[in-house]
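# A closer look at the structure
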Amino acid sequence: YINWVGNGSPVIFVLSVKKRTLHQSDIIDEAHLYRTENYGVTWHQVSATPDNNFPDNSKIFKYMPSPHDDKTLIFLDKTSDGSNSGNSDWQSTFVKTTNAGKTFRQSKINARLDEVKFHPTQKNLLLGYSKYNKQLYYSNDLGDTFIKITDETIHQVSDKRWTWGEKDVDDEKTIHFEVRIGNPTKVKPKYYPYTCFVDDCFTKNEAKMHPMQKLNLKLESGVDECVLLKLSLKIRRWICYVFAVRS
């Protein structure tokens, strides 16, 4: 993984990861983050020092540059994931820099985050996903804290099928995702699009609900699909919502 900070900066990051797959999960054996301040003439490995607050013995497996600020990058660390011990109760480490890697800030989060997406317009809003429990997590402070915004007893969120709302189309706190509804032991579980406001996915107050959340509740209660066809054209357009993933 290579990322150039850009905007005239000579800083470039390179992430090298050695991993293997065990029981459909990625085990990180080695991970090294390198940084250059002179367009790659010389490199040094980023490691923990008293001044930079980078995590000890880190196993950074993914990083994402901010679309809002060239000097802001976020990193996901699997150091404490308990993969080799089989421990399922663990905290992962979220790492960020806002000055192109001169210093870092780390925080422990109660989630196995595998991916994080920046909000299209709000620089401090993040949406994260865990493959372990198929849940979504939300941060409004650029990753210092995360809260779970879905419920595994209701929402089994599909991998790669979750996103922030569309810029200039949706309310800025809108999220869209695909959920599996019904008994997971069934041969053909049903999948539906789900839409809500990121901070009100569980509200029972209709005044706070996203317009599409009312339809979501009908889907969860097992409304027959033929009933949905009688809904307005606007609703039917949302039923046919297609998730497109950029390769």
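Residues numbered from 1 in each chain as written. Predicted model: local features only at pLDDT ≥ 70, side-chain atom pairs only at ≥ 80, totals over all residues. Heavy atoms only, no water.

Pairing within the open sheet is antiparallel, and its 4 strands lie in the order β9-β10-β11-β12. The open sheet has two edge strands, β9 (115-118) and β12 (147-148), and neither has a second partner. Judged from the 2 bridges that link them, strand β11 (residues 135-139) and β12 form a sheet pairing that is antiparallel. Across the sheet, tyrosine 138 pairs through a bridge with isoleucine 147, a residue of β12. (Pairing = 2+ DSSP bridges. Helix = DSSP H or I, 4+ residues; strand = E, 2+ residues; numbered from the N terminus.)

Here we come to empty space enclosed by the protein. Summed over the entire model, instances satisfying the criterion amount to 2 cavities of 30 Å³ or more. Here the largest cavity is characterised by a volume of approximately 40 Å³. Lining the largest cavity are 10 residues, and of these Phe61, Asp77, Lys78, Ser92 and Leu113 lie nearest its centre. Class assignment for the residues of the lining of the largest cavity results in 4 nonpolar, 2 polar and 4 charged. (1 Å grid on protein atoms, 1.4 Å probe; cavity = no way out; pocket = protein on both sides within 12 Å on 5 of 7 lines; lining within 4 Å. Points joined across faces, edges and corners; volume = space filled by probe spheres on them. Nonpolar A, V, L, I, M, F, W, Y, C, P; charged D, E, K, R; others polar.)

We now examine the side chain of serine 66. Here serine 66 lies in the loop between β5 (60-65) and β6 (73-77). When its relative accessible area of 9% is taken as the criterion, serine 66 is described as buried. A distance of 3.4 Å separates a polar atom in the side chain of serine 66 from the backbone nitrogen of aspartate 69. Beyond its immediate stretch of four places on either side in the chain, serine 66 contacts Thr72 and Phe118. (Buried < 20%, exposed > 50% of the residue type's maximum accessible area, 1.4 Å probe, protein only. Polar contact = N/O pair within 3.5 Å; in protein donor to acceptor, adjacent residues only side chain to side chain. Contact = heavy atoms within 4.5 Å.)

This next bit is on the sheet that holds strand β7 (residues 92-97). The strand order across the open sheet formed by 4 strands is β5-β6-β7-β8, and the pairing between neighbours is antiparallel. Unpaired on one side and paired on the other, β5 and β8 (105-109) mark the two borders of the sheet. Averaged over all adjacent pairs, the angle separating strand axes in this sheet is 20°, with direction ignored. As paired strands, β7 and β8 are joined by 5 bridges and run antiparallel to one another. When the bridges of β8 are listed, serine 92 appears paired with isoleucine 109. (Axes fitted to C-alpha atoms, helices over the stretch in contact; angles between N-to-C directions.)

Another point: the confidence of the model for the protein chain. Residues shown with low pLDDT carry predicted positions that ought not to be read at fine detail. Within the protein chain, residue pLDDT values average 77, and 71% of them lie at 70 or more. Low pLDDT, under 50, characterises residues 81-89; the predicted model gives this stretch 10 contacts beyond four residues in sequence or across chains. pLDDT under 50 marks residues 222-247. Its contacts with residues more than four places away, or in other chains, come to 30 contacts. (pLDDT = per-residue confidence, 0-100.)

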